[in-house]
Amino acid sequence: MLPFLAGELSVSVRYFSTFANVNIGNCDDVAETFGEGPGDKWKSWAYNKRLTIAKEVEKLKKQVSKQKVSEKTKRKKVTDFISSKGSRQEFEPLIGKYIDRTHVEPLHPKNNSCQQIFNLILYESIGKSALASNITDFDAVSPTSPFYKLVNCLKRKVKLSRLAKKVIRWFNENKELDRFQYRFTGQDSRLFLQNFMFIIDSIKQAHDSAKQTFSLHVFAYMSIQLRQIVSMFCRVVNISQKNIAELRQSCSNFFRCNCLFSSVSPTIWTVGHIIPAHACDVFQKYNLGLNVVSMEVREAKHMAIRRYSQNTNYHLRWMQIFQHEFVHLIWLRERGCWSDKISRSKQTYKQQRVTNGQACFCGFDKGTEEETCCYCSHSFRAQIEKSVHLKKILVDSDLFSVQ
């Protein structure tokens, strides 16, 4: 939606962000920052430059239209020209200067980040399982293999049965095990962030090498930081200046960890830089959290409307939908059918036992006399934290090639 309103290319291979002049060639620079200061490498797109590029593109299109080449070639010349200008602008913004007031929508960065971390865990489990080439059906996978244990954990422990079924179908239908594609929903992300330590622990083996063990700790650190990020940018009213500072630090940690020990995608870069900047801007302007611009509630409303429409008469459908909505959202609530406690519990990204101190901060089990679990107290965790803080790798080079 934003590229359309901004007059940009809907899919820009090199410059991927509507909010900053970052490109795929420099997005993994761990030392650089986003902002409007003289020391910031990445900055917001200047509106005047948008207009200038749009005029140049319009002029080029007139020249290309007279050439006797295919439409595909004409289009490629236009997109190559835009890329050569260090831009993604094709037309003048449809909403004018209001494009500078847009903010990142937090739902999809949250879901995409959870999806990407899960993909890392999934491929690590398959690699550790060392499956024979003749095993092309999940039923033939050994129950003792990390891959089988991962799927079993998704189904039974984490209650992500739809994701588990998708993994099984993908394994059965893709002999080459091409890139796993699954769109996380808001509910999937919440369950993943509440239970990521059990998912990671499910692929742990007693004979893991140091490199394999280190990978598990990298996944755990990424997930902890993402949970902290999501728990703060998915708020509307319960937000403070202290929370904004914590959000900025967690986003920085998450981005640096991916830079140092994995890879950086457009989603990772957006979470690391745009999310904290826009959350700070929204808080300063409206004293509200970034979730005030989220699409998650709207999507949930659309699902509710579809549910209401199942028991309606075709000719009176909308009147009956509004009646159902009134009863569900107002009439029943006025009579105390749903308490605030129940509503809040659905939105938390920490398990209740973590809040009560019955489990470690990461969500994993710990001893009654211990302050942290075996993962948080491991020496690898301290090495990762120190590397992230100093923006450079301080561990053995044989350990950190997490893919």
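Residues numbered from 1 in each chain as written. Predicted model: local features only at pLDDT ≥ 70, side-chain atom pairs only at ≥ 80, totals over all residues. Heavy atoms only, no water.

Caption draft 1: Region of the structure containing the overall build of the protein chain. Counting secondary structure elements, the protein chain contains 15 helices and 0 strands. In terms of overall dimensions, the protein chain is globule-like: its C-alpha atoms have a radius of gyration of 24 Å, near the 22 Å expected for 403 residues. Projecting the C-alpha coordinates of the protein chain onto the three principal axes gives extents of approximately 70 × 60 × 50 Å. Across the 403 residues that make up the protein chain, the buried fraction comes to 46%. Long-range pairs, those at least 24 residues apart, make up 66% of the contacts in the protein chain with a sequence separation of at least 6. When the accessible surface of the protein chain is split by element, carbon and sulfur atoms take 52% of a total near 22000 Å². Computed over 60 positive and 37 negative side-chain charges, the separation of the two mean positions in the protein chain equals 5 Å. (Helix = DSSP H or I, 4+ residues; strand = E, 2+ residues; numbered from the N terminus. Rg over C-alpha atoms; globule rule 2.2 N^0.38 Å. Buried < 20%, exposed > 50% of the residue type's maximum accessible area, 1.4 Å probe, protein only. Contact = heavy atoms within 4.5 Å. Areas by Shrake-Rupley, 256 points an atom, 1.4 Å probe, with all protein chains shown as cover. Lys, Arg positive; Asp, Glu negative; His and termini not counted. Charge placed at Lys NZ, Arg CZ, Asp CG, Glu CD.)

Caption draft 2: Inspection of the nonpolar core at higher detail. One finds Phe118, Ile121, Leu122, Phe147, Leu163, Phe192 and Trp269 to be the most contacted residues of the largest nonpolar core, which totals 89 residues. The dominant element in this core, judged by the number of residues it contributes, is helix α8 (residues 210–233), at 13 residues. Setting aside chain neighbours within four positions, we find Phe147 in contact with Leu122, Ser125, Ile126, Ser129, Leu131, Phe138, Val141, Val167 and Phe171. Core analysis: the next-biggest nonpolar cluster, separate from the first, contains 5 residues, Leu9, Ile53, Val57 and Ile82 among them. (Core = buried A, V, L, I, M, F, W, Y, C linked by side-chain atoms within 4.5 Å.)

Caption draft 3: Representation of the packing of helix α9 (residues 241–261) against helix α10 (residues 266–286). Two elements in contact, α9 and α10, have axes whose closest approach is 8 Å; the angle formed by their N-to-C orientations is 170°. Judged by the angle between their axes, α9 and α10 are roughly antiparallel. Facing α9, whose interface residues are Gln241, Ile244, Leu247, Arg248, Cys251, Ser252, Phe254, Phe255 and Asn258, α10 presents Ile268, Trp269, Val271, Gly272, His273, Ile275, Pro276, Ala277, Ala279, Cys280 and Phe283. Class assignment for the residues of the contact of α9 with α10 results in 14 nonpolar, 5 polar and 1 charged. (Axes fitted to C-alpha atoms, helices over the stretch in contact; angles between N-to-C directions. Parallel < 35°, antiparallel > 145°, perpendicular 65-115°, else oblique. Nonpolar A, V, L, I, M, F, W, Y, C, P; charged D, E, K, R; others polar.)

Caption draft 4: Quick look at the pattern of salt bridges. Overall, the coordinates contain 13 salt bridges when judged by the stated rule. Here Glu56 and Lys85 are joined by a salt bridge, their closest N and O atoms 3.5 Å apart. Of this pair, Glu56 sits in helix α2 (residues 47–65) while Lys85 sits in the loop between α3 (71–84) and α4 (107–129); the two residues are 29 residues apart in sequence, bridging distant segments of the chain. For Glu56, a relative accessible area of 28% puts it in the partly exposed group. Assessed through its relative accessible area of 35%, Lys85 is described here as partly exposed. Glu334 is the salt-bridge partner of Arg335, the closest N and O atoms lying 3.6 Å from each other. Residue classification places Arg335 among the partly exposed positions, given a relative accessible area of 48%. Salt bridges linked by common partners bring Glu8, Arg50 and Arg88 together as one network. (Salt bridge = Lys/Arg side-chain N within 4 Å of Asp/Glu carboxyl O.)

Caption draft 5: Examining a positive patch on the surface more closely. A cluster of basic residues, Lys155, Arg156, Lys159, Lys165, Lys166 and Arg169, forms a positive patch at the surface. Broken down by element, the residue count for the positive patch peaks at 3 residues, all from helix α6 (residues 161–173). Inspection of the secondary structure puts Lys155 in helix α5 (residues 146–157). (Patch = residues over 30% accessible without salt bridge, like charges linked within 9 Å, V, L, I, M, F, W, Y side chains within 5 Å.)

Caption draft 6: Summary view of a nonpolar patch on the surface. Taken together, Phe326, Val327, Leu329, Ile330 and Trp331 make up a surface patch of nonpolar side chains, about 420 Å² in accessible area. Within the secondary structure layout, Ile330 lies in helix α12 (residues 317–334). The class for Ile330 is partly exposed, based on a relative accessible area of 38%.

Caption draft 7: Inspection of α3 at higher detail. With 14 residues, α3 extends 20 Å between its outermost C-alpha atoms, agreeing within 8% with the 20 Å of an ideal straight helix rising 1.5 Å per residue. Taken together, the buried positions of α3 are Lys74, Val78 and Ile82. Down the axis of α3, the buried set is contained in an arc of 75°. They therefore lie on one face. Across α3 from its buried face, at more than 90 degrees, point the exposed residues Lys72, Lys76 and Ser84. Structurally, α3 contributes buried residues whose contacts are with α2. Immediately downstream of α3, the backbone of Gly86 shows phi near 65°, a positive value. (Expected span 1.5 Å × (residues − 1). Arc of directions from axis to C-beta.)

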